[in-house]
Amino acid sequence: MKFFIDTANLAQIKEANDLGILDGVTTNPSLMAKEGIQGSEAVMAHYKTICELVDGDISAEVISTDFAGIVKEGKALAAIHPNIVVKVPMIKDGVKALKWFTDNGIKTNCTLVFSAGQAILAAKAGATYVSPFIGRIDDSSWDGIELISQIAHIYGTQGFKSEILAASIRNALHIVKCAEAGADVCTCPLDSILGLLKHPLTDIGLAKFLEDAKKFA
Ligand code: E4P
């Protein structure tokens, strides 16, 4: 399973990249706004900076909702760097645009996926990545991990090539469950990635080893 970091914060991107386990980055307009990145020129410059920091797929989201606008914006985003993946919402014109990008060799990430039906449509349109939002599904009292399993089963059975990119990750357990359920990629906040490190028995065991090591120093 690939690890992406889900942020536009450059310090956090660097920290995750320095761990040596980072395969890419996802962003969205809310994450950009959180970092105070405003205006299309600043947004484009920020994507370029991220591409220079991380050698992997970098999702850049369109904000148009009509076919012509999505294609125009997506082409401009894809021109920033070969690693840019155009992030397109799961709407009717978005599906049409996904197919256009597929036919024109531009990588895509279909975002805001909340059902198996939407995942089938995105895969039919040739999306490189399909992003089910598991945390937001859990928030609405449904089972986000179950959706990952269902999509993995459908894609396996039908031979769809799209990669399942589990998004809206809330904690380290989500990452483990996504790996079990067959996600190809998990995009996670830094805290959730670092949460994978934690186990009290590791801390207790290390403290004892270091204490005992002093006896032989
Ligand atoms: C990633 O591509 C999504 O934009 C992101 O994971 C959404 O996460 P959230 O539900 O925490 O906003």
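Scroll up for the structure.
Residues numbered from 1 in each chain as written. Predicted model: local features only at pLDDT ≥ 70, side-chain atom pairs only at ≥ 80, totals over all residues. Heavy atoms only, no water.

Draft legend 1. Quick peek at the packing of aromatic side chains. The tally for this structure, following the rule as stated, stands at four aromatic pairs. Measuring from ring centre to ring centre gives 5.5 Å for Phe114 and Phe133, while their planes differ by 55°; the resulting arrangement is tilted. In this pair, Phe114 sits in the loop between strand S5 (108-113) and helix H6 (116-124) while Phe133 sits in the loop between strand S6 (129-132) and helix H7 (134-139), placing the two residues 19 residues apart along the sequence. For Phe114, a relative accessible area of 35% translates into the label partly exposed. The ring of Phe67 is capped by Lys96, whose NZ or CZ atom sits 4.6 Å from the centre of that ring. (Phe/Tyr/Trp six-rings, centres within 6.5 Å; stacked < 30°, edge-to-face > 60°. Helix = DSSP H or I, 4+ residues; strand = E, 2+ residues; numbered from the N terminus. Buried < 20%, exposed > 50% of the residue type's maximum accessible area, 1.4 Å probe, protein only. Lys NZ or Arg CZ within 6 Å of the ring centre and 35° of its normal.)

Draft legend 2. Quick look at the packing of H6 against helix H8 (residues 144-158). For the pair H6 and H8, the least separation of the axes is 10 Å and the interaxial angle reads 40°. In terms of orientation, H6 lies oblique with respect to H8. Judged by the sense of rotation from one axis to the other, the crossing of H6 with H8 is right-handed. Where H6 approaches H8, its residues Ala116, Ala119, Ile120 and Ala123 are matched on the opposing element by Leu147, Gln150, Ile151, Ile154 and Tyr155. Partitioning the contact of H6 with H8 into residue classes produces eight nonpolar, one polar and no charged. (Axes fitted to C-alpha atoms, helices over the stretch in contact; angles between N-to-C directions. Parallel < 35°, antiparallel > 145°, perpendicular 65-115°, else oblique. Left-handed = near helix turned anticlockwise from the far one by under 90°. Contact = heavy atoms within 4.5 Å. Nonpolar A, V, L, I, M, F, W, Y, C, P; charged D, E, K, R; others polar.)

Draft legend 3. Examining the pairing of S6 more closely. Side chains Tyr129 and Ser131 of S6 all project onto a buried face; the interleaved residues Val130 and Pro132 project onto the opposite face, where all are buried too. Judged from the three bridges that link them, S5 and S6 form a sheet pairing that is parallel. Among the inter-strand pairings, Cys110 is bridged to a residue of S6, identified as Val130. Between the parallel elements S5 and S6, the chain passes through H6 in a crossover that is right-handed. Note: S6 against strand S7 (residues 163-166), two bridges, orientation parallel. (Pairing = 2+ DSSP bridges. Right-handed = clockwise from strand over helix to strand, strands pointing away.)

Draft legend 4. View of the layout of surface pockets. The space that makes up the largest pocket amounts to roughly 360 Å³. In terms of lining residues, the largest pocket is bounded by 21 residues, among which Asp6, Thr7, Asn28, Leu31 and Pro189 are the most central. Among the elements of the structure, helix H2 (29-34) and helix H10 (190-195) are those that each provide at least two residues to the lining of the largest pocket. If one sorts the elements of the lining of the largest pocket by residue count, H2 sits on top with three residues. Of the residues belonging to the lining of the largest pocket, the class tally is six nonpolar, eight polar and seven charged. Estimates place the volume of the second largest pocket at around 260 Å³. The wall of the second largest pocket is formed by 13 residues, among which Ser40, Val43, Glu61, Ile63 and Glu73 lie closest to the centre. Listed by contribution, the elements that provide at least two residues to the lining of the second largest pocket are H2, helix H3 (40-53) and helix H4 (67-78). With four residues, H3 is the largest single contributor of residues to the lining of the second largest pocket. (1 Å grid on protein atoms, 1.4 Å probe; cavity = no way out; pocket = protein on both sides within 12 Å on 5 of 7 lines; lining within 4 Å. Points joined across faces, edges and corners; volume = space filled by probe spheres on them.)

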